[in-house]
Amino acid sequence: MATEADLHETGTVLAARADARAQGAKLADAMPYLPASSTPFPPPGADPGTLTWAETVAGGNYAHKVVARGTLIRLEDVTGEACAHVLVYNALEPWERLNVADTVKIPWQAYLTTGHPLLSGDGRVLATIVEDTSGHHDALCGTSTAVANQARYGDSAPQGPSPSGRELFTLAAAKHGLSRRDLPPSISFFKGVRAAEDGSLAWTGGAGPGAAIELLAELPLIVLIANVAHPVDPRPAYISGPLRVHAWRSAPTTPEDKRWDATPEAARYYLNTADYAVARGI
Amino acid sequence: MPSVLDPSVLDPSSYADGTVLALAGPLVDGAIILDEIVPARAPWSAVVRKGNVLTIVDVGGNQSGDCILYNAHDTGERYSVPDTIAGGGNIYVRTGTVLRSSEGNPLATVVANETDRQDTIGGACGKESNTLRYGHHTASEHGCRENFLAEASKYGMGARDVVSNLNWFMNVPIEADGTLGIVDGISGPGKRVAFRAEMDILVLVSNCPQMNNPCNDFNPTPLRMIITEGS
């Protein structure tokens, strides 16, 4: 039976170079599309010429990008089995990052959907959820750890069959000069959890294939995404489907948008963020 | 008796009219290793060795004690709200709750608790977040984030290390539609919580200075911290 090695002629440098170069045009189910405008899956509502990020992220894998202020980021749960664990940082001062407690406390709301801000601990909004066709998200349970995935699935390694979110975040963060000290609690999209009156957690699952959310970057952001099974997913198997990511140029929230002053807290987090951007000259 | 530098800290007339201060004592048996008073609005920290127990006394009642735990030997491993919630299957902290780290490991276990439940979703106040919650006129007020940053700096830590926290004696219900917020407390003078260190832990506490919501009953008061030897 032919092995993988039998399929390649790599006995000399010239042969190895030819063999390597012959691989470049291959396609995979999960891959980035460059330039982004060449995506085979152009998102609705976006001019393909404005796309800045187009990628399908495999289940159990991760993605990351630095995006400009005013970028719209669309995440789509292709098969209904994705769970996008997300961390965002102010790309200019990355010690300013997602603060999950402020993200639920300041809007007086634990459950994420359209209009919800992703707040930092510095009184500013890093991103706004501006579209949500899923309604199944979670800001309480964070992502999975090596300890938890080894106990549940027998393995947690990034190269294994059931990677943990924290180990994938560690890799994504390292590629932006960030370490595990820089991994605060994350939020997740496309798999939901609710808390009962006694505080106990109830799993609400996902919304099925094709559900999508859109995040509007209110500052220049480092975006880290780990696409892994949710930590309280009750199913015994590690189930993690593909996630599609697209981003394109748009504009940050301005006083002309209804959400600018939809609540007293919103008026002040958008104002604080605009104040920072003006002072930085961005 | 606990050590306290300024006697006025334990004088009820230093606080709002009607303040009752109840010093109580350790919530578990064991030789006392450390016994200190944290004045109102101040930070505090100590290392609690594996097996030893920290009792926190809500001396004046309904005084939020914001708290972050770290692996004392590797502060890159620290308290994690979501790992504690997901690990315990519950958003509230009660007797038996395992306080987990960012790596999913047990940092401590709550061994006794004299209020119905403790909070770990409300996070910390801070100068900047206060401007969102209460307006820009509050920007000169001191907050827990500032206490955490000041105390963390003693250990070479900074903003990257101040993560979402526990709030001993603070009450944050979530309603069925997800509405949540800090409401009147369910603690009282002399009520206590105690947790046992499951590894050597560094404990950072901010005795919350907040005056714009009921987390301190609009009357910041002292906390008593007692470390007892494990059995």
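Counting from 1, residues in each chain are numbered in the order their sequence is written. As a convention, the first chain written is A and the first ligand written is 1, with the rest following in written order. Owing to the predicted nature of the model, reporting of local features is limited to residues with pLDDT of at least 70; listing and counting of side-chain atom pairs is limited to 80 or more, with chain, interface and lining totals taken over all residues.

Draft legend 1. Molecular detail of the overall build of chain A. Every helix listed is a DSSP run of H or I at least four residues long, and every strand listed is a run of E at least two residues long, numbered separately from the N terminus. Broken down by element type, chain A carries five helices and 13 strands. Here the C-alpha atoms of chain A give a radius of gyration of 20 Å, agreeing with the 19 Å that 2.2 N^0.38 yields for 282 residues. In terms of overall dimensions, chain A has C-alpha extents of about 70 × 45 × 35 Å along its principal axes. Taken across its 282 residues, chain A has 51% of its residues classed as buried. The long-range fraction of contacts in chain A, counting pairs at least 24 apart against all pairs at least 6 apart in sequence, stands at 69%. Throughout, radius of gyration means the C-alpha value; the globule benchmark is 2.2 Å times the number of residues raised to the power 0.38. Here a residue counts as buried when 20 or more other C-beta atoms sit within 10 Å of its C-beta, as exposed when there are 12 or fewer, and as partly exposed otherwise, the C-beta atoms being derived from the backbone. Whether two residues are in contact is decided by their C-beta atoms, placed from the backbone, lying within 7 Å.

Draft legend 2. Molecular detail of the nonpolar core. As used here, a nonpolar core is made of buried Ala, Val, Leu, Ile, Met, Phe, Trp, Tyr and Cys residues. They are joined through C-beta atoms within 7 Å. With 131 residues, the main nonpolar core has Val-88, Leu-221 and Ile-225 of chain A together with Leu-69 and Ile-201 of chain B as its most contacted residues. Apart from residues lying up to four places away in sequence, Leu-221 of chain A is in contact with Val-67, Val-88, Tyr-89, Ala-91, Leu-126 and Ala-127 of chain A.

Draft legend 3. Looking closely at the sheet that holds strand S9 (residues 201-207) of chain B. Residues and elements named next belong to chain B. Being paired, for any two strands, means DSSP has found at least two bridges between them. Taken together, four strands build an open sheet; the order of strands is S2-S9-S4-S7 and the sheet is antiparallel. The open sheet terminates on both sides in strands that have one partner only, identified here as strand S2 (43-48) and strand S7 (166-168). Strand-to-strand twist of the sheet, defined as the mean angle between neighbouring strand axes without regard to direction, takes the value 30 degrees. Under this scheme, a helix contributes an axis fitted over its contacting stretch, all axes are lines through C-alpha atoms, and angles between N-to-C directions fall in the 0 to 180 degree range. Of the strands in this sheet, S2, strand S4 (65-71) and S9 are in contact with helix H3 (residues 144-153), which crosses S9 at around 140 degrees.

Draft legend 4. Expanded view of the interface of chain A and chain B. Listed by partner, the interface residues are 38 residues for chain A and 36 residues for chain B. Of all the secondary structure elements, the ones that give two or more residues to the side of chain A that touches chain B are helix H2 (100-105), helix H3 (146-153) and helix H5 (264-280) of chain A. Looking at the side of chain A that touches chain B, the element that brings in the most residues is H2 of chain A, giving five residues. Think of it as three bins: nonpolar holds Ala, Val, Leu, Ile, Met, Phe, Trp, Tyr, Cys and Pro, charged holds Asp, Glu, Lys and Arg, and polar takes everything else, Gly as well. Split into classes, the residues belonging to the side of chain A that touches chain B amount to 21 nonpolar, nine polar and eight charged.

Draft legend 5. Broad picture of helix H4 (residues 165-174) of chain A. Residues and elements named next belong to chain A. Among the ten residues of H4, eight are classified as buried, and the element is accordingly described as predominantly covered. The complete set of buried residues in H4 reads Gly-165, Arg-166, Glu-167, Leu-168, Phe-169, Thr-170, Ala-172 and Ala-173. Buried residues in H4 make contact with strand S2 (61-67), strand S4 (84-90), H3 and strand S12 (221-227).

These results come straight from atomic positions and should not be treated as a statement about function.
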